[in-house]
Amino acid sequence: MTSALSSPGLSVGAAREAVDEVAARLRTPEAVAVSGTRADSLGAGHPGVALLFTTLAADRDGDARTVAHGHLAAATRADGGLHAAGLYTGMAAVAFAARLAATGPDTYRSLLTTLTPRIADAAVQRARQLSTAREAGTGVASHQYDVVSGVAGLARLLLALDPRGTALRHCLQALTDLAEPVATGQGTLPGWWSAGGPGRDTPSPDFPRGHLNLGLAHGIPGPLAVLALALEQGVRVPGQEEAVARLADWLAQRRSEDAYGPYWAMVLGPEDELAGVLPPSPATRAAWCYGSPGVARALFLAGRALGEPGWRRTAARALHAALARPAATRALEGAGLCHGTGGLLHIAALVAYDAADEELAARLPALAAEVRAVLDALEGPGFLEGAAGAALALHTYAQRPDAGRLSWDAALLTS
């Protein structure tokens, strides 16, 4: 980070001050409750804010761990009780925050012992539904397999909660099978083809024949990332390595190039896939949820897991290109993690550290300054689109995460 510190932009010290300012605003559960969001929402409620304070507690003295506990306790009091859902709501959201906050096997043991089998049962059910939909050849809905609501997010949680359990293996097998082509009424398509339009179960005017989703939040990079991460932890099912290779190759071959470098579209139509062409389109949103940063991180993780330097180089080139393009072309909204500058900063920092890329690291201070400039304008306190997530992105910039520990961004499938 020496080169980054000497570059113009936000200093590491100023980034830490900004993180502390956000933490001071979010200390009490009431700061989240007044936002009107569900208490047990990882994206906008107490579990996501708890991630910030757990992260701060790991690298400094003070009462951050107690504050995190207060937010966790508030999350368990959600109206209607905790329900089995995807990673970002209910039992799974609370369990992820508790698992990150646990400092030993006895911390939150009762809570996690109660929630883990229920989450496992829900994950197995979703994995079976995904497999049935894929085998039918009528298309799978992206919410069945994605990070936020589907099997990929639950698999990442189970990799932290119960890495040797059978539920995780069910999830990994269902995601592995997505890499196998399926016969459809339109022809042979990738196993994750969705018959509906993006974000919906039915066709849309722009996508009457369905789509192939390339976003990390809702598309195939999510399954690729968790399959690669599981391989690195020594957890595998039949065909998993081959699936990682196939999915990574597919993504690498579907990249476009402009004068700055590689980028990916947010979605592809099945007609283009069947014709073997990429529709002409300019580089689009450069975010975690959709666009080059999220795809690049998944491709980087695949390259790391299988020892394939070409994928890692392509990922780094894509991030260089995203930062070299004029900021106005990135189609980002605010400082948040999901579709804002915070997600771009976090992923760029991770790849810069992992690849020991000094040139990419040198771009981080200017990007961090962009996040800081709009940080105070964020209305919500939460993780995905609010102040807690933006502060965590600044924390990544200021202090490299410990690769040997579960990190908050496992919820993004970036680690």
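Cut-off values and rules
Residues numbered from 1 in each chain as written. Predicted model: local features only at pLDDT ≥ 70, side-chain atom pairs only at ≥ 80, totals over all residues. Heavy atoms only, no water. Core = buried A, V, L, I, M, F, W, Y, C linked by side-chain atoms within 4.5 Å. Buried < 20%, exposed > 50% of the residue type's maximum accessible area, 1.4 Å probe, protein only. Helix = DSSP H or I, 4+ residues; strand = E, 2+ residues; numbered from the N terminus. Contact = heavy atoms within 4.5 Å. 1 Å grid on protein atoms, 1.4 Å probe; cavity = no way out; pocket = protein on both sides within 12 Å on 5 of 7 lines; lining within 4 Å. Points joined across faces, edges and corners; volume = space filled by probe spheres on them. Nonpolar A, V, L, I, M, F, W, Y, C, P; charged D, E, K, R; others polar.

### Remarks on the nonpolar core
Ranked by internal contacts, the top residues of the largest apolar core, which has 145 residues, are Y88, L175, W288 and F383. Top element by residues in this core is helix α6 (residues 91-101). It accounts for 10 residues. Filtering out sequence-adjacent residues up to four positions away, L175 remains in contact with L130, Y145, V151, A152, A155, P223, V226 and L227.

### Brief notes about unusual backbone geometry
Within the chain, A331 stands out as a residue other than glycine whose phi angle is a positive 55°. Examined against the element boundaries, A331 turns out to sit in the loop between α15 (309-324) and α16 (341-354). Judged by relative accessible area, which is 37%, A331 ranks as partly exposed.

### Things to note about empty space enclosed by the protein
Scanning the model with the defined rule gives 2 cavities of 30 Å³ or more in all. Computed from the structure, the largest cavity encloses a volume of approximately 80 Å³. Around the largest cavity, the lining residues are Y263, W264, A283, T284, R285, A286, S292, A322, R325, T329 and R330. Its residues assigned to classes, the lining of the largest cavity comprises 5 nonpolar, 3 polar and 3 charged. In this structure, the second largest cavity spans a volume of roughly 30 Å³. Lining the second largest cavity we find R254, S256, A265, L268, L278, P279 and S281. Of the residues contributing to the lining of the second largest cavity, the split by class is 4 nonpolar, 2 polar and 1 charged.

### Section: the side chain of S292
Looking at where S292 falls in the secondary structure, it is placed in helix α14 (residues 292-306). Among residues more than four places away in sequence, those in contact with S292 are P262, Y263, W264 and R285.

### Notes on the layout of surface pockets
Reported here for the largest pocket is a volume of approximately 950 Å³. Contributing to the lining of the largest pocket are 36 residues, with D402, A403, R405, L406 and S407 lying nearest its centre. If you list the elements that add at least two residues to the lining of the largest pocket, you get α4 (46-57), α6, α9 (151-161), α11 (221-232), α14, α16 and α18 (387-398). Each residue belonging to the lining of the largest pocket can be placed in one class, and the counts come to 14 nonpolar, 10 polar and 12 charged. Space inside the second largest pocket adds up to approximately 160 Å³. A179, E180, P181, T188, L189, P190, W192, R246, L247, W250, E273 and L274 together form the lining of the second largest pocket. Counting only elements with at least two residues in the lining of the second largest pocket, the list comes to β2 (187-189), α12 (240-253) and α13 (270-275).

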